[in-house]
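Fold and geometry: a report
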Amino acid sequence: MNDIDVEPVEDVDDATDDDAPESSGASDDAVTVEDATAPVGVDAPEYVLYGGKGGVGKTTMAAATGLASARDGVATLVVSTDPAHSLSDTLEHDIPADPARIREDIPLYAAEIDPDEALEEGPFAGEGGGMGGMGGAMGGLGDAMGEEMVDPLGGSMPGADEAAAVRLLIEYVDDPRFDRVVVDTAPTGHTLRLLELPDVMDSLVGKMLTLRERMSGMMDNLPFGGDDADAEAGVEDLRALSDRVERLRDLLQDPTRTDFRVVMVPEELSVMESERLLARLDEFDIPVSTVVVNRVMQDLTEVADVEADWFVTPDLDDCEFCQRRWEVQRSALQRSQEVFRGHEVRRVPLFADEVRGEDLLGVVAACLEA
């Protein structure tokens, strides 16, 4: 569906306090995946990326997608770059910095990295900045050529979590251990500059070779020194990096291999952020297939085909707070119609309890696959 119904939800079913569950996920009678008849499996390509404003629930969506995918027997890696370690809390498992299997019964792998450490110690780290010293290399080359060169993944760049996610995507593209990779922080904003790297590298390498031929006496001032072997190794390193980034760019631009999902909440600021994100992605020819609207004040049965007698629906008849919040959401959803246009829209309701553990994550996955 491409539009969202912004009419008020139906009246809450009459129920006594004795009939209502104490919570939707924490009590002894808490819902289980089987109770909710949540479907197993994920209809998605090899890579699922969740992007959006901070605090909208990207990690929850990634955890739910990864868990459902692994329950279907698909070897799935879930990657989080949230320094608060929320993926560990959501999945209720201790998750290491390097990919490791966290469940014996299903092929679920996970990695939870610190963005700053990943930029310093990741697969392309080295002296002089990110990407194996590329920052120093580009800076030195720029000095020699009288031009300013910027490391697109330097550690001081805003959006370190996104940059770290990009590093891991580059590392795990086509990794034979995983049939699907789910990332809770997609490249947006400044990080998308990385996709221009292959073109920049072609220009840089060409200029480096020209300089070597015409100004061999100045090679000591170039980033790889005056030794021909070192210079050639440096050029090859840049070419190899450029090739991998070009593969990543092709991956992100291929909707048959990547499902880029924008996550938002029904609030004005989140809508505005989503509009900017979609426009930015369009500039880089990255298609967005899905928009996920999280924490909508609607009944679970309206957004997913699950049994939900246990679900606590906001009381829009007698709760003034609920009524006012719903009006805020309705206004935001009405404004969001342009955001929704041309995309699959998935709604995840506002749960009374914190979404963590397999039970409620299974229900969230059902909403995402509805």
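As the structure is a computational prediction, the values presented were derived from the model and not from experiment. Numbering of residues starts from 1 in every chain and runs along the sequence as written. Whole-chain, interface and lining totals are the exception, using all residues; otherwise, since this is a predicted model, local features are given only for residues with pLDDT of at least 70 and side-chain atom pairs are given and counted only at 80 or more. Hydrogens and waters are ignored; side-chain quantities use all the structure's heavy atoms.

**Observations regarding the overall build of the protein**
Secondary structure counts use DSSP, requiring at least four H or I residues in a row for a helix and at least two E residues in a row for a strand, with both numbered from the N terminus. Helices and strands together make up the secondary structure of the protein, namely twelve helices and eight strands. Between buried and exposed lies partly exposed: a residue is buried under 20% and exposed over 50% of the maximum accessible area for its type, with that area taken using a 1.4 Å probe on protein chains only. Taking all 370 residues of the protein together, the buried fraction comes to 52%. Taking the contacts inside the protein whose residues are at least 6 apart along the sequence as the reference set, 77% of them involve residues at least 24 apart. In these tables, accessible area is a Shrake-Rupley quantity obtained with a 1.4 Å probe, and a residue counts as shielded only by the protein chains included in the view. When the accessible surface of the protein is totalled, it reaches about 17000 Å², and 43% of it is carbon and sulfur. Contact criterion: two residues are considered in contact whenever any of their non-hydrogen atoms come within 4.5 Å of each other.

**Considerations on the side chain of serine 274**
Secondary-structure assignment places serine 274 in helix α8 (residues 268–283). Judged by relative accessible area, serine 274 falls into the buried class, the value being 2%. Beyond its immediate stretch of four places on either side in the chain, serine 274 contacts Val262, Val263, Met264 and Val339.

**Details of the packing of helix α1 (residues 58–71) against helix α12 (residues 357–368)**
In the contact formed by α1 and α12, the axes pass within 8 Å of each other and the chain directions differ by 90°. Put simply, α1 runs roughly perpendicular to α12. Within the contact between the two elements, α1 uses Thr60, Met61, Ala63, Ala64, Thr65, Leu67, Ala68 and Arg71 and α12 uses Glu358, Leu361, Val364, Ala365 and Leu368. Think of it as three bins: nonpolar holds Ala, Val, Leu, Ile, Met, Phe, Trp, Tyr, Cys and Pro, charged holds Asp, Glu, Lys and Arg, and polar takes everything else, Gly as well. Of the residues assigned to the contact of α1 with α12, the class counts are nine nonpolar, two polar and two charged. Lines fitted to C-alpha atoms define the axes, with helix axes restricted to the stretch in contact, and inter-axis angles between N-to-C directions lie between 0 and 180 degrees. Angle categories: roughly parallel below 35 degrees, roughly antiparallel above 145, roughly perpendicular from 65 to 115, and oblique for all the rest.

**Details of the nonpolar core**
By nonpolar core is meant a set of buried Ala, Val, Leu, Ile, Met, Phe, Trp, Tyr and Cys residues that side-chain atoms within 4.5 Å join together. Of all hydrophobic cores here, the largest spans 45 residues; its most connected members are Leu248, Ile286, Val293 and Phe340. Ignoring anything within four residues of it in the chain, the contact list for isoleucine 286 reads Leu192, Leu195, Leu252, Gln253, Phe260 and Leu281. Within the second largest apolar cluster, 42 residues are counted, among which are Ala68, Leu87, Ala304 and Phe351.

**Regarding α8**
Here the expected length of a helix is defined as 1.5 Å per residue gap, with one fewer gap than residues. For α8, which comprises 16 residues, the first-to-last C-alpha distance of 23 Å matches the rise-based estimate of 22 Å (1.5 Å per residue) to within 8%. Along α8, the residues that are buried comprise Ser270, Val271, Ser274, Leu277, Leu278 and Leu281. Viewed end-on, α8 has its buried residues packed into an arc of 125°, placing them on one side of the element. Of the exposed residues in α8, the ones pointing more than 90 degrees away from its buried face are Leu269 and Glu283. Directly after α8, the chain includes aspartate 285, whose backbone phi takes a positive value near 60°. Throughout, the arc means the angular range of directions from the helix axis out to the C-beta atoms.

**A closer look at the pattern of salt bridges**
In the sections that follow, a salt bridge refers to a side-chain nitrogen of Lys or Arg positioned within 4 Å of a carboxyl oxygen of Asp or Glu. Overall, the coordinates contain 18 salt bridges when judged by the stated rule. For the salt bridge of glutamate 358 with arginine 71, the shortest nitrogen-to-oxygen distance reads 2.8 Å. Placement of the pair is glutamate 358 in helix α12 and arginine 71 in helix α1, with a sequence separation of 287 residues. Relative accessible area serves as the criterion here: at 26%, glutamate 358 is assigned to the partly exposed category. Look at arginine 71 and you get partly exposed, because its relative accessible area is 26%. Put simply, glutamate 275 and arginine 335 hold a salt bridge, and the shortest N to O gap is 3.1 Å. With glutamate 275 in helix α8 and arginine 335 in helix α10 (residues 320–335), this pair connects stretches of sequence that are 60 residues apart. By relative accessible area, which is 34% here, arginine 335 ends up partly exposed. If you follow the salt bridges from partner to partner, you end up with Arg71, Arg103, Asp105 and Glu358 in one network.

**Describing the environment of leucine 300**
Tracing the backbone shows leucine 300 in helix α9 (residues 300–303). The exposure class assigned to leucine 300 is buried, which follows from its relative accessible area of 0%. Setting aside residues up to four positions removed in sequence, leucine 300 forms contacts with Val306, Ala308, Trp310, Phe311, Pro349, Val363 and Cys367.

**Focus: the pairing of strand β5 (residues 180–183)**
Side chains Arg180 and Val182 project from β5 onto one buried face, and the interleaved Val181 and Val183 project onto a second face that is buried too. Strands were regarded as paired on the criterion that DSSP finds at least two bridges between them. Pairing analysis gives three bridges linking strand β1 (residues 47–51) to β5, with the strands arranged parallel. In the strand pairing of β5, tyrosine 47 is matched with valine 181. Bridge analysis of strand β2 (residues 76–80) against β5 gives four bridges, and the strand direction is parallel. Residue pairing in the sheet places valine 78 in a bridge with valine 182 of β5.

**Focus: the packing of aromatic side chains**
Between rings of Phe, Tyr and Trp, where Trp is taken as its six-membered ring, a pair exists when centres lie within 6.5 Å; planes separated by under 30 degrees are stacked, by over 60 edge-to-face, and by other angles tilted. Taken as a whole and assessed by the stated rule, the structure comprises three aromatic pairs. Measuring from ring centre to ring centre gives 5.3 Å for tyrosine 109 and phenylalanine 178, while their planes differ by 70°; the resulting arrangement is edge-to-face. Residue tyrosine 109 is located in strand β4 (residues 108–112), and its partner phenylalanine 178 is located in the loop between α5 (160–172) and β5; the two are separated by 69 residues in the primary sequence. Taken together through their ring pairs, the aromatic side chains of Trp310, Phe311 and Phe351 make up a single cluster.

**Details of the confidence of the model for the protein**
Scored from 0 to 100, pLDDT records how confident the predictor is in each individual residue. Here the protein averages 76 in pLDDT, while 64% of its residues score no lower than 70. Confidence drops under a pLDDT of 50 for residues 7–36, and excluding neighbours within four residues, the segment shows 42 contacts in the predicted structure. Scored below 50 in pLDDT, residues 126–147 shows 55 contacts in the model against residues more than four places distant or in partner chains.

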